[in-house]
Amino acid sequence: MSAIRGARERARIEVTAAIKDEARKQLAAEGAAKLSLRAVARELGMVSSALYRYFPSRDDLLTALIVDAYDAVGEAAERAHRTATERGATERTAAASPGAPATGIARWVAVACAVRDWALAHPHEYALIYGSPVPGYSAPQDTVGPAARVGMVLIAIVEEAHRDEGLALPPLPDELRPEAERLAADVAPGLAPAVAAPLVAAWSQLFGLISFEVFGQFHRVVEAREVFFRQAVTELARTVGLLGRRG
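Criteria and cut-off values
Residues numbered from 1 in each chain as written. Predicted model: local features only at pLDDT ≥ 70, side-chain atom pairs only at ≥ 80, totals over all residues. Heavy atoms only, no water. Helix = DSSP H or I, 4+ residues; strand = E, 2+ residues; numbered from the N terminus. Contact = heavy atoms within 4.5 Å. Areas by Shrake-Rupley, 256 points an atom, 1.4 Å probe, with all protein chains shown as cover. Phe/Tyr/Trp six-rings, centres within 6.5 Å; stacked < 30°, edge-to-face > 60°. Lys NZ or Arg CZ within 6 Å of the ring centre and 35° of its normal. Salt bridge = Lys/Arg side-chain N within 4 Å of Asp/Glu carboxyl O. Buried < 20%, exposed > 50% of the residue type's maximum accessible area, 1.4 Å probe, protein only. pLDDT = per-residue confidence, 0-100. Polar contact = N/O pair within 3.5 Å; in protein donor to acceptor, adjacent residues only side chain to side chain. Axes fitted to C-alpha atoms, helices over the stretch in contact; angles between N-to-C directions. Parallel < 35°, antiparallel > 145°, perpendicular 65-115°, else oblique. Left-handed = near helix turned anticlockwise from the far one by under 90°. Nonpolar A, V, L, I, M, F, W, Y, C, P; charged D, E, K, R; others polar. Core = buried A, V, L, I, M, F, W, Y, C linked by side-chain atoms within 4.5 Å.

K.L.:
Could you give an account of the overall build of the protein, naming the residues involved and the relevant values?
P.N.:
In terms of helices and strands, the protein carries 11 helices and 0 strands. At a minimum sequence separation of 6, the contacts of the protein that also span at least 24 residues come to 75%. Total accessible area on the protein stands at roughly 13400 Å², and carbon and sulfur atoms take up 55% of it.

K.L.:
Mind laying out the packing of aromatic side chains, listing which residues take part and the relevant values?
P.N.:
In this structure the tally under the stated criterion is 7 aromatic pairs. The lysine or arginine in question, Arg-116, covers the ring of Phe-229, its NZ or CZ lying 5.5 Å from the ring centre.

K.L.:
Outline the pattern of salt bridges, supporting the account with residue identities and numerical values.
P.N.:
Inspection of the entire model under this criterion finds 16 salt bridges. Its salt-bridge partner being Asp-71, residue Arg-149 comes within 2.9 Å of it at the nearest N-O pair. Placement of Arg-149 in helix α8 (residues 149-164) and of Asp-71 in helix α4 (residues 58-95) is noted, with a sequence separation of 78 residues between them. Here Asp-71 falls in the partly exposed class, since its relative accessible area comes to 25%. Notably, a salt bridge pairs Glu-213 with Arg-116, separated by 2.9 Å at the nearest N-O pair. With Glu-213 in helix α10 (residues 193-214) and Arg-116 in helix α5 (residues 103-121), this pair connects stretches of sequence that are 97 residues apart. When salt bridges with common partners are traced through the structure, they connect Lys-20, Asp-21, Arg-24, Asp-68 and Glu-125 into a single cluster.

K.L.:
Account for the confidence of the model for the protein, with residues named and values stated.
P.N.:
When pLDDT is averaged along the protein, the result is 89, and 90% of the positions lie at 70 or above. The model gives residues 93-101 a pLDDT under 50, and that stretch makes 7 contacts with residues more than four places away or in other chains.

K.L.:
Quick rundown of the side chain of Arg-58? Include the residues and the values.
P.N.:
If you trace the backbone, Arg-58 turns up in helix α4. Side-chain polar atoms of Arg-58 contact the side chain of Asp-59, separated by 2.9 Å.

K.L.:
Quick one: what's the story with the packing of α8 against α10, residue by residue and with numbers?
P.N.:
Running from N to C, α8 and α10 cross one another at 135°; their axes reach a closest spacing of 11 Å. Judged by the angle between their axes, α8 and α10 are oblique. Of the two elements, α8 crosses α10, and the hand of that crossing is right-handed. In this structure, α8 contributes Val-150, Gly-151, Leu-154, Ile-155 and Val-158 to the contact, and α10 contributes Val-195, Leu-199, Trp-203, Leu-206 and Phe-207. In the contact of α8 with α10, the residues fall into 9 nonpolar, 1 polar and no charged.

K.L.:
For the nonpolar core, give the residues involved together with the corresponding values.
P.N.:
Of all hydrophobic cores here, the largest spans 63 residues; its most connected members are Trp-108, Val-158, Leu-206, Ile-210, Val-233 and Leu-242. Listed by contribution, the elements that provide at least two residues to this core are α1 (2-30), α2 (37-44), α4, α5, α6 (123-130), α8, α10 and α11 (225-239). Per element, the largest residue contribution to this core is 11 residues, and it comes from α4. Core analysis: the second largest hydrophobic core is formed by 7 residues, Leu-172, Ala-180, Ala-184 and Ala-194 among them.

K.L.:
So what's going on with the environment of Pro-189? Residues and values would help.
P.N.:
In this structure, Pro-189 sits in the loop between α9 (177-186) and α10. The exposed category is assigned to Pro-189, whose relative accessible area is 65%. Between the C-alpha atoms of Pro-189 and Ile-155, which are 34 residues apart in sequence, the distance is 10.0 Å.

K.L.:
Describe the packing of α5 against α11, listing the residues and the values that go with them.
P.N.:
For any two helices packed against each other, the geometry is given by the interaxial angle and the distance between the axes. Interhelical geometry of α5 versus α11 gives an angle of 135° and a closest axis separation of 9 Å. With respect to α11, the element α5 is oriented oblique. With respect to the hand of their crossing, α5 and α11 are arranged in right-handed fashion. Between α5 and α11, the residues in contact are Ile-105, Trp-108, Val-109, Ala-112, Cys-113 and Arg-116 and Arg-225, Glu-226, Phe-229, Arg-230, Val-233, Thr-234, Leu-236, Ala-237 and Arg-238, respectively. Looking at the contact of α5 with α11 residue by residue, the classes come out as 9 nonpolar, 1 polar and 5 charged.

As C-alpha cells, this is what we get:
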C-alpha cells in the first residue's frame, strides 16, 4: 500500500507542477486577469473536472503561483545574503585592517542585485506579485509569510550591522516619531525607530527601481542600468544607517 501511495503522490506532484507551468505560460501570454482553469485544462489535455481536484478555483491557482513567486525571489535574496556573508568573513580575515569594506553595504547590495536579477529573469512572475492587483482576487493569509522573505533579509542585514559594525542613525523628525515607533514595534523590534522608518522607505524604493526597469519605464532614460542600480541601492543602504567603511 505504501508503494501505491508513493506513486500516487509522485503523480500528483507532477500534475500539479504541469498545471502551474501551463498557468505561468498563460500569465506571460495573457496576464493574470485572464488566467483560466478551463484554458489550462484544455492545453494539458485534461477535463476541467479533473483539474479542479488540484485547484478548486482560479484564485487557488493564483495563490499557488503567487506563493511560488514570493518563495523564489525570497530564496534568491536569502542565498545572496548567505554568499555575501561568507565572502565578507573571508575578506575580513584576509584584510583585517582599517578601511576594509564594511559587510553591511556589501550584503545589502548583493541582496538587492539578486532580487533585480530574479525579476529580470522572471518578469511575468514579478508582475504577478509586484504589478497591478488582479481584479476580483484577494490574497489569503497564506501569502503573507512568503511575501515577507525579502523584507526579512533586509531587516537582518541592518540588525547584523547594528550588532557588528554600528549604524549611523538618521535623524527622526518629531512628526514622524509615532509612526516610526509603530513600524519598529511591528516590523523590526530589534531596531530603533529612527532606523525602522527609512528601512521601510528603502524597501519600497528598491522595488520601485526594479519595477521601473522591468516595466520599461527606464527606456531611453537610463542606459547603464546595472551600474545605475548598484549606485542607487548603495545610497539606499546609507539612508538606513549602514556604514561604508569601518574604523
